[in-house]
Amino acid sequence: MTIALKGLRVVDISGTISTEYCSKLFSDYGAEVINLEPSSGFKTRQIPPFFSGSKVSAMHAYLNTNKLSVLKENLTEVELLDLITEADLVLSNGEENKLLSACAGVVSDISWYGKGGDYENFVGTDAQCFALNGMLGGLGSVEGPPIIPSGYQAQVVGGMAAFVGSLGQVLGVELGNCKKPVQIETSIFEASLCFTEVGAVTFFNTGLEGKRLGVNRFPPTYPLGVFPCKEGWIGLTVLTPSQWHAFCKLLDMEYFARVPKYQTALGRLKDINTIEPVIKNQLLNFSAEELFYKGQEAAIPLARVPTMEELLEVDQFIERQAFTTAILPDKRNLKVPSVPFRLFKTPPSFGGYVADLGENTEVFNK
Amino acid sequence: MNQNSPLKGIRIIDLCMGWAGPLAARNLADMGADVIKVESCENFDWWRSWEATPEWIEEDGAEKSAAFNTTNRNNRNITLDLSHPEGRDLLLKLVGTANAVMENYSGSVLPKLKLGYEIFKEVKEDVILLSMPAFGSTGPWKMFRAYGSTVEQSSGLPHINGISSDPPMMHHVAYGDPVGGLNGVSALLVALRHQAKTGEGQFIDLSQAESLFPLGAHGILEFTANSTPPLRSGNRSSLFAPHGVYPCVGEDKWIVIQILEEGQWLKFQEIVGAPIKKFGDLKDRLSKLDELDKTISVWTSSQEAQKLMYVLQEARIPAASTQNVSSLLNDPHLNSRNFWQWLDRAIVGNQPNPSAPFYVNEKRLKIKTPAPTLGQHNEEVLTDILGLKQNDLDRLKDIGIIGTKPRMKIIKK
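Residues numbered from 1 in each chain as written. Chains lettered and ligands numbered in written order. Predicted model: local features only at pLDDT ≥ 70, side-chain atom pairs only at ≥ 80, totals over all residues.

Draft legend 1. Structural detail: the overall build of chain B. A count of helical and extended segments in chain B gives 17 helices and 13 strands. Put simply, chain B has 413 residues, and 55% of those count as buried. The contacts of chain B with a sequence gap of at least 6 include a subset with a gap of at least 24, amounting to 70%. (Helix = DSSP H or I, 4+ residues; strand = E, 2+ residues; numbered from the N terminus. Buried ≥ 20, exposed ≤ 12 C-beta atoms within 10 Å, placed from the backbone. Contact = placed C-beta atoms within 7 Å.)

Draft legend 2. Quick peek at the sheet that holds strand S7 (residues 224-228) of chain A. On the basis of which strands lie adjacent, the open sheet formed by three strands has the order S7-S8-S9 (chain A) and antiparallel pairing. With partners counted over all chains shown, the strands left at the sheet margins are S7 and strand S9 (303-304) of chain A, one partner each. (Pairing = 2+ DSSP bridges.)

Draft legend 3. How the structure looks around the packing of helix H5 (residues 153-175) of chain A against helix H8 (residues 176-198) of chain B. At a minimum axis distance of 10 Å, the contact between H5 of chain A and H8 of chain B shows a crossing angle of 25 degrees. Compared by their axis directions, H5 of chain A and H8 of chain B come out roughly parallel. Considering only the axes of H5 of chain A and H8 of chain B, their crossing is left-handed. Each of Val-157, Met-160, Ala-161, Phe-163, Val-164, Leu-167, Gly-168, Leu-171, Glu-174 and Leu-175 of chain A in H5 of chain A lies in contact with H8 of chain B, whose residues at this interface are Val-179, Leu-182, Asn-183, Val-185, Ser-186, Leu-189, Leu-192, Arg-193 and Ala-196 of chain B. When the residues that make up the contact of H5 of chain A with H8 of chain B are grouped by side-chain class, the tally is 14 nonpolar, three polar and two charged. (Axes fitted to C-alpha atoms, helices over the stretch in contact; angles between N-to-C directions. Parallel < 35°, antiparallel > 145°, perpendicular 65-115°, else oblique. Left-handed = near helix turned anticlockwise from the far one by under 90°. Nonpolar A, V, L, I, M, F, W, Y, C, P; charged D, E, K, R; others polar.)

Draft legend 4. View of the domain arrangement of chain A. Segmentation of chain A into domains returns domain 1 (9-195 + 319-364) and domain 2 (224-228 + 233-304). A straight line from the C-alpha centre of domain 1 of chain A to that of domain 2 of chain A covers 41 Å. (Domains from an automatic or database assignment.)

Draft legend 5. Representation of the environment of Pro-22 of chain B. Residue and element names in this part refer to chain B. For Pro-22, the location among the structural elements is in helix H1 (residues 20-30). Classification of Pro-22 as buried rests on a count of 30 C-beta atoms within 10 Å. For the pair Pro-22 and Met-102, spaced 80 residues apart in the sequence, the C-alpha separation amounts to 9.3 Å. Residues within four places of Pro-22 in sequence aside, it is in contact with Cys-16, Thr-71 and Asn-72.

Draft legend 6. Region of interest: the interface of chain B and chain A. At the interface, 121 residues of chain B touch 122 residues of chain A. It is H8 of chain B that provides the largest number of residues to the side of chain B that touches chain A, a total of 14 residues. Broken down by class, the residue content of the side of chain B that touches chain A amounts to 66 nonpolar, 43 polar and 12 charged. Across three bridges, the pairing between strand S12 (residues 341-343) of chain A and strand S6 (residues 203-206) of chain B is antiparallel. Bridge pairing links Arg-342 of chain A to Asp-205 of chain B in S6 of chain B.

Draft legend 7. Quick look at the pairing of S7 of chain A. Residues and elements named next belong to chain A. The buried fraction of S7 is high, at four of five residues. Relative to strand S8 (residues 233-237), S7 is paired through five bridges, and the arrangement is antiparallel. Within S8, the residue paired with Val-226 across the bridge is Gly-235. The antiparallel pairing of S7 with S8 creates a hairpin that spans four residues between the two strands, and Gly-232 there sits at a positive phi of about 80 degrees.

Draft legend 8. Structural context of the packing of H1 of chain B against H8 of chain B. Residues and elements named next belong to chain B. Viewed as axis vectors pointing N to C, H1 and H8 meet at an angle of 45 degrees, and their least axial separation amounts to 7 Å. For the element pair H1 / H8, the angle class is oblique. For H1 against H8, the interelement crossing comes out right-handed. Between H1 and H8, the residues in contact are Ala-20, Gly-21, Leu-23, Ala-24, Asn-27 and Leu-28 and Asp-177, Pro-178, Gly-180, Gly-181, Gly-184, Val-185 and Leu-188, respectively. Its residues placed into classes, the contact of H1 with H8 shows seven nonpolar, five polar and one charged.

Draft legend 9. Quick peek at the pairing of strand S1 (residues 9-12) of chain A. Residues and elements named next belong to chain A. In this structure, S1 lies alongside strand S2 (residues 32-37), joined through four bridges in parallel fashion. When the bridges of S2 are listed, Asp-12 appears paired with Asn-35. Handedness of the crossover is the feature at issue here: the chain leaves S1, passes through helix H1 (residues 17-28), returns alongside S2, and the resulting connection is right-handed. Sheet analysis places S1 next to strand S4 (residues 89-92), joined by three bridges and oriented parallel. (Right-handed = clockwise from strand over helix to strand, strands pointing away.)

Draft legend 10. Representation of helix H13 (residues 289-300) of chain B within the structure. An ideal rise of 1.5 Å per residue puts 16 Å on 12 residues; H13 of chain B measures up with 16 Å between its terminal C-alpha atoms. Close packing links the buried residues of H13 of chain B with strand S7 (243-247), strand S8 (254-258), helix H12 (282-287) and helix H14 (305-314) of chain B. (Expected span 1.5 Å × (residues − 1).)

Right, here's the structure in full:
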């Protein structure tokens, strides 16, 4: 039984990836989460990936285990207001909604760009956030175009940031540090700056800015990237002098370890055209799995880079129950990621049922 | 009452280094928690430098790391040599006053220091310990080492990004770090709520690699729902067209354009005019992607990226120009929302600090203090909280347990 957030009621009135990821963390830890949906359902019911040959969204299933689905149109005005008034937290996408004024707890808006500012009325997407936060420009081949990160990554990060702000205020109210009602406003774009804010401050101090050097090249660190092995792909990050020495030994290229200018990551990067062909050639003597374990044994942070299929078979992730099962209304099972953090005394839900549209409406009819 | 300090009265002992753990701590400090970061003069936070030299120490290099300074604001900083029994004892006494301890060492470090949850619990029954090693605290990889890049590589994300003709594509030099940090603060907030309700502490196990799975969920689910591996199709979409990044006037200037609805396409046709009139509905466009992208690229090549972004957005067409990291401090949107807060910091002077990504009651959380210098709060913390006297501090300094300057490690044979 998940109890850490027991007793909290969270109502999502908008149903975006960000609001649903935020509320998923609440439901995973025992809060009652209610999706207040229009008769057409939240838009996340119509986003890919879908189950093959159907319009059933696997993404929606992942985001909505252990939540209740209530049809807004099937509640009376009084029932609707009671639902909102009794909520500890109401999540919305930031659009005007008269329901929000009824909330006596925490109202948490998650929008692309927040209220105010030049981009306030922009139509937002994940790709735009990465374009404007400075990350996209560094991805892809030198000649371009830059390559957009796939999926909904900025929206998920926005949901995480909103969870922090929202639960922080819920806790603040319970501790007596804050008073209700409280308004939280999260910008997905600003949340995505978590990846590049350090780079911006570094530029302010040094005037140095890395240009796009090609796929998997991130100055000043070298070697870093994903490289082919005899079998599979290995992820390299060799940063410190001791890691470089151990890496050279592992790949049987100890002559590189003694070169003075290769003792720093930047020195190695400057001579990439000499070093990289040798590294690539030596990596082909190993399978990625073999190299990964040997590297870790030598205190070098190497990684196997699994495909989606391989990811589900990684012993580390299997043993930790990193994937679990969402159960759809038609009884189909879907393997989905588990919550990434585990409280030992109050463990999270692992997987769970995904409510059909409006399935729980009657619970709130008085 | 202060909405800016919901976590007032909560004390966190932060043993973290690098980016992920300190970012989690920063979020807690931003919300008013008393975060006390513990480093030592020899084992200082490696984000100050992983290539320390005597010259670097002499020139106050430890205080000049923008990465460290950006991530450690609003906290207090002390030094304790935890490998010395007295340093360890002082840490345990401090833990005795705290709600939670957080650490992101590799798995072998705490046991070597004879520290861990059971030991912390002996001095504070209801303490929380957040442990956030790269792969979690259980499983065959629990002792393995990783950086944020290793975490991204291990998460499978590279296999759902980029173009199929390239190697699997990484996003960032340390993509796993900030995501691990956001998960870390989330985990602690959940545990602090349980602690406040019940008086119970607990151990929290966070895997930074698993923290990236939600960001790759679309790829994982593509496989688990359909047993087919997701395609790495770069900037193209199987559902929308045009959908890409197009060149603009100037060196390395680009604009993202994504037409997600037919109404947007009609407006886009109006703006671009004749060159794209020959393309029809979505089905037609998806069948002519090469020609469509080429035609749009020719048109955008004569456009100024940022100006075009505003023109397209005015017509409700999703578009954004690519910015460099160097332009973020001048971004008009961020500046009008006061995203950067400027604070004077010892050694490096006036510095920009990124705000928390959320407003509370229409206000930014105010950043109260910049990142402290190494050991800046030794005296304040050790006397005010632990009741040590000046002669105790002098002695601890003499034997190297505390200090305010890094030292090169002495390799013991």
